[in-house]
Structure formats: structure tokens, C-alpha cells
Amino acid sequence: MAKSMIGMDIGISELKLALWDGHKFRKLISVPMLDNLVKDGVIVSYDAMGDFIKESIRGNRLTEDVAVILPANYSFIKRLTLAKMTKQQLEVNLPYEFRDFLTQGKDKYFYDYAVNGFSKDEESGGETMDLLAACAAKDIINEYRVMMKRAGLKLAAAIPAECAYVNLIRRQQDCEGKEFAFVDFGFNATRLYVFNGVGYEVTRVIDMGMKTVCEAISAHFGIDEHMARGHMQTNTENCLEVPEVRGVYDAIGAELRKALNFYSFSNRDSNLDELWCCGGGYHIRPMKAAIEENTEMKLRDVAELLPAIPEGADPVHFIAAIGAALQGGR
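One structure accompanies this document, and this report is about it. (Residues numbered from 1 in each chain as written. Predicted model: local features only at pLDDT ≥ 70, side-chain atom pairs only at ≥ 80, totals over all residues. Heavy atoms only, no water.)

**As for the pattern of salt bridges**
Per the counting criterion, the structure on display carries 14 salt bridges. With a shortest N-O distance of 3.7 Å, Arg 150 and Asp 47 are connected by a salt bridge. Note that Arg 150 is positioned in helix α3 (residues 138-150) and Asp 47 in helix α1 (residues 46-56), a separation of 103 residues in sequence. On the accessibility criterion, Arg 150 (38% relative accessible area) is partly exposed. When its relative accessible area of 44% is taken as the criterion, Asp 47 is described as partly exposed. A salt bridge links Lys 211 to Glu 215; the shortest N-O distance between them is 2.9 Å. Highlighted residues: Lys 211 and Glu 215, both in helix α5 (residues 210-221), separated by 4 residues, approximately one helical turn. (Salt bridge = Lys/Arg side-chain N within 4 Å of Asp/Glu carboxyl O. Helix = DSSP H or I, 4+ residues; strand = E, 2+ residues; numbered from the N terminus. Buried < 20%, exposed > 50% of the residue type's maximum accessible area, 1.4 Å probe, protein only.)

**Re the packing of aromatic side chains**
A complete count under the given rule lists 11 aromatic pairs for this structure. An angle of 45 degrees between the planes, with centres 6.3 Å apart, marks the rings of Phe 98 and Tyr 111 as tilted. Remark: Tyr 111 occurs in strand β8 (residues 109-120) and Phe 98 occurs in the loop between α2 (87-97) and β8; sequence separation between them is 13 residues. Exposure remark for Phe 98: the relative accessible area of 0% places this residue in the buried category. (Phe/Tyr/Trp six-rings, centres within 6.5 Å; stacked < 30°, edge-to-face > 60°.)

**Comments concerning the sheet that holds β8**
The strand order across the open sheet built from 3 strands is β7-β9-β8, with neighbouring strands paired in antiparallel fashion. Taken across any chain shown, the strands that pair with only one partner, and hence form the sheet edges, are β7 (75-83) and β8. Neighbour-to-neighbour, the strand axes of the sheet open up by a mean angle of 20 degrees, direction not taken into account. Across the sheet, α2 touches β7, β8 and β9 (127-137), and the angle it forms with β8 is around 110 degrees. Packing of α3 onto the sheet brings it into contact with β8 and β9, and relative to β9 it is tilted by some 65 degrees. (Pairing = 2+ DSSP bridges. Axes fitted to C-alpha atoms, helices over the stretch in contact; angles between N-to-C directions. Contact = heavy atoms within 4.5 Å.)

**Regarding the packing of helix α7 (residues 243-266) against helix α8 (residues 285-295)**
Running from amino to carboxyl end, α7 crosses α8 at an angle of 35 degrees, the nearest separation of the two axes being 8 Å. By crossing handedness, the relation of α7 to α8 is classed as right-handed. Of the residues in α8, those in contact with Arg 246, Tyr 249, Asp 250, Ile 252, Gly 253, Ala 254, Leu 256, Arg 257 and Leu 260 of α7 are Pro 286, Met 287, Ala 290, Ile 291, Asn 294 and Thr 295. Residues belonging to the contact of α7 with α8 are distributed by class as follows: 9 nonpolar, 3 polar and 3 charged. (Left-handed = near helix turned anticlockwise from the far one by under 90°. Nonpolar A, V, L, I, M, F, W, Y, C, P; charged D, E, K, R; others polar.)

**Some thoughts on the pairing of strand β13 (residues 199-206)**
Summarising the sheet, strand β12 (residues 190-196) and β13 pair through 7 bridges and their orientation is antiparallel. In the strand pairing of β13, Tyr 193 is matched with Thr 203. What sits between β12 and β13 in their antiparallel hairpin is a turn of 2 residues, with Gly 197 showing a positive phi close to 60 degrees.

**Details of α7**
Taking 1.5 Å per residue, 24 residues should reach 34 Å; α7 reaches 35 Å between its end C-alpha atoms and fits that length. Of the surrounding secondary structure, the elements contacted by the buried residues of α7 are β11 (179-185), β12, β13, α5, β14 (274-278) and α8. (Expected span 1.5 Å × (residues − 1).)

**Details of the nonpolar core**
Within the largest apolar cluster, 76 residues are counted, with the highest numbers of intra-cluster contacts made by Phe 182, Phe 185 and Leu 275. Per-element tally for this core: the top contributor is α7, with 8 residues. Leaving out residues up to four positions away in the same chain, Phe 185 has contacts with Thr 190, Met 210, Ile 252, Leu 256, Cys 277, Cys 278, Gly 279, Gly 280, Gly 281, Tyr 282, Met 287 and Ile 291. Grouped together as the second largest cluster of nonpolar side chains are 42 residues, Phe 52, Val 66, Met 147 and Leu 155 included. (Core = buried A, V, L, I, M, F, W, Y, C linked by side-chain atoms within 4.5 Å.)

**Observations regarding the sheet that holds β14**
One open sheet holds the 5 strands; their spatial order is β13-β12-β11-β14-β15, and the pairing between them is mixed. Edge positions in the sheet fall to β13 and β15 (298-301), since each has one partner strand and no second. Strand-to-strand twist in this sheet, taken as the mean axis angle between neighbours without regard to direction, amounts to 25 degrees. Both β11 and β14 contribute to a ladder of 3 bridges, which runs parallel. Counted as the bridge partner of Val 183 is Cys 277 from β14.

**Regarding the environment of Val 198**
Among the secondary structure elements, Val 198 is positioned in the loop between β12 and β13. Taking relative accessible area as the criterion, Val 198 reaches 13% and is therefore assigned buried. Sequence separation of Val 198 and Asp 273 is 75 residues, and the distance between their C-alpha atoms is 18 Å.

Here you go:
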């Protein structure tokens, strides 16, 4: 039975919450982040963040359980093909699969996995298992657990963003063998996630996002970046069409094209022809046009893949939080 859950995405500029009652989303909440509380995607003060979360959820809680998105630099994720083994055998073997990433002893990390499916190895005749596996440092998870307790919540899950997208894919009919490419037009970066069915393939991070657009607007109009952000949100003086800004769109599109071409080259049977889009930048029409032109891909609204969303909410800003909330029903 699906479990009620608060999905939480702690961003640099916003705290995003998705309140899931086990059957549908009751509410999507976005709260502007306090200055200097998150830096480079990392929480500066867990105590202060706990207090901020507590205030943000006041009067809006359906459950105490929360599933939070971990920053990319706090978690590692891999798709693995291993000989079929028991749960106990996996507990022994998983740490060795992450040995190239670990900076501490293997016992300093938590490991988790989801089984995508089983197949037969043609050479050995034995059965193999396709896994999505992840690990995170125990001390970081404990910091999150204490932070949530301070906020009056219980940490039920802490997952990489990739797992949130897998939760969305799992809800689709006939997803096996179908490719999904998600593009998150975020503030600090643009992120591309590619999956084959529920099988994770690759993540590519492009170090350009809406902050880069703001910087281009700032340079064109000779204003500070805070004012430029206001210009971007309201398209003041048609700022989203000026040459410097269009150059940012083309640069992001070119980097996406490179990443998609590399994926297609590495996966010769790929038929990827559409991008499922989310993030604050998705509503910028000239950028969408530039991305479509550069990538030769059709852009689609990721909201089409979602369960029922409260009327009036704009889900493209909440995709990671929504996917995290669905962790309770996996």
C-alpha cells in the first residue's frame, strides 16, 4: 500500500515540498530559501535549516515521514549488472562496487539498491540481475536525520535525484525498453538524466543555468544580478530576447546536443527523440525554441508523466520533490 510522505527538495534558492497522502498530492509548497543557508548545493547549518523547515511546514503537514533529495556531491549512484545473489550476498558485494568513489572506509557508508530485472547470461548460462545502487556517507545521513528531527519530522528516505526520476518512470505503463531523457533547467546548472525503462544510464551536468541567464541580463542592462533576476522573471524590457541571453540558450543547447550525441553513439539502438523538461527555466519560450533547434529533439512537459496535481500548482518546479514523495510507494 502506498505510504503518505513529504517529498523535499532543498535548493539554493527555494525549499520545495510535495505533500503526498498515499493516493494523490494534496499540496505543493515552495518557500524562498534564506540567504547563505545553502552554498554550492550544501547546507551550511543543519540546525538553522531544521528550524527553517519547521517554520515552512507549519500547518501543512500530512505525515511526519519525509523523503529528501540528497545533493549530488553527497551521494553516488551506479547501474550494475551482477550475478544473481541473495540480499546477504549483495550487502557484502555492494561496497566493492563503489570502492573508486569512497574517501572513507567502506563501513562509513550506507548502501541501498533497487532491482530493475533479471536476465540470462548467454556465456555462462547463469542468471544476472540489473540493479540501481546508491551509497551515501553515514555521517551525512545522520546529520539529515537530526535536522529532520529538529524540524519535527522523521527521515524515511534520503535519495539521489536520479531515484526520484525512476519513481516517476515506474508509474508509467509499458515503460520497459522505452527511453526517457529528463532535462532540469535549474538555477545553478542544467542537468540531463537518461534512463532506459527504469534502468539508469547517465547524468550530465552543464554548468549553466538561470543564474547564467541573469548574469547575461545584468551585463546587457548594466544592473546588479538581484535586479536582473527580477527582470528575468517578468521579462522586463524583453530581456529574454537580447543577444547576450540568446547566446546562453544556444550554449546550453550545444552542450545538451553533445551529451545526447555521445549517449546515442554509445547506445547504437537508441531511438531517443524527446526531452522531458522541468525546472524554472522551462517556461522561457525563446530558450525552449533554441534547445529544440540545437538538439533536434521535441520538448515535452514532464507534468504529463505525473499523478494528479493540486489545481493551480506548477509542477515543473517540484519534480524532484514529487519523485521523492513517491518513494513511499515503491
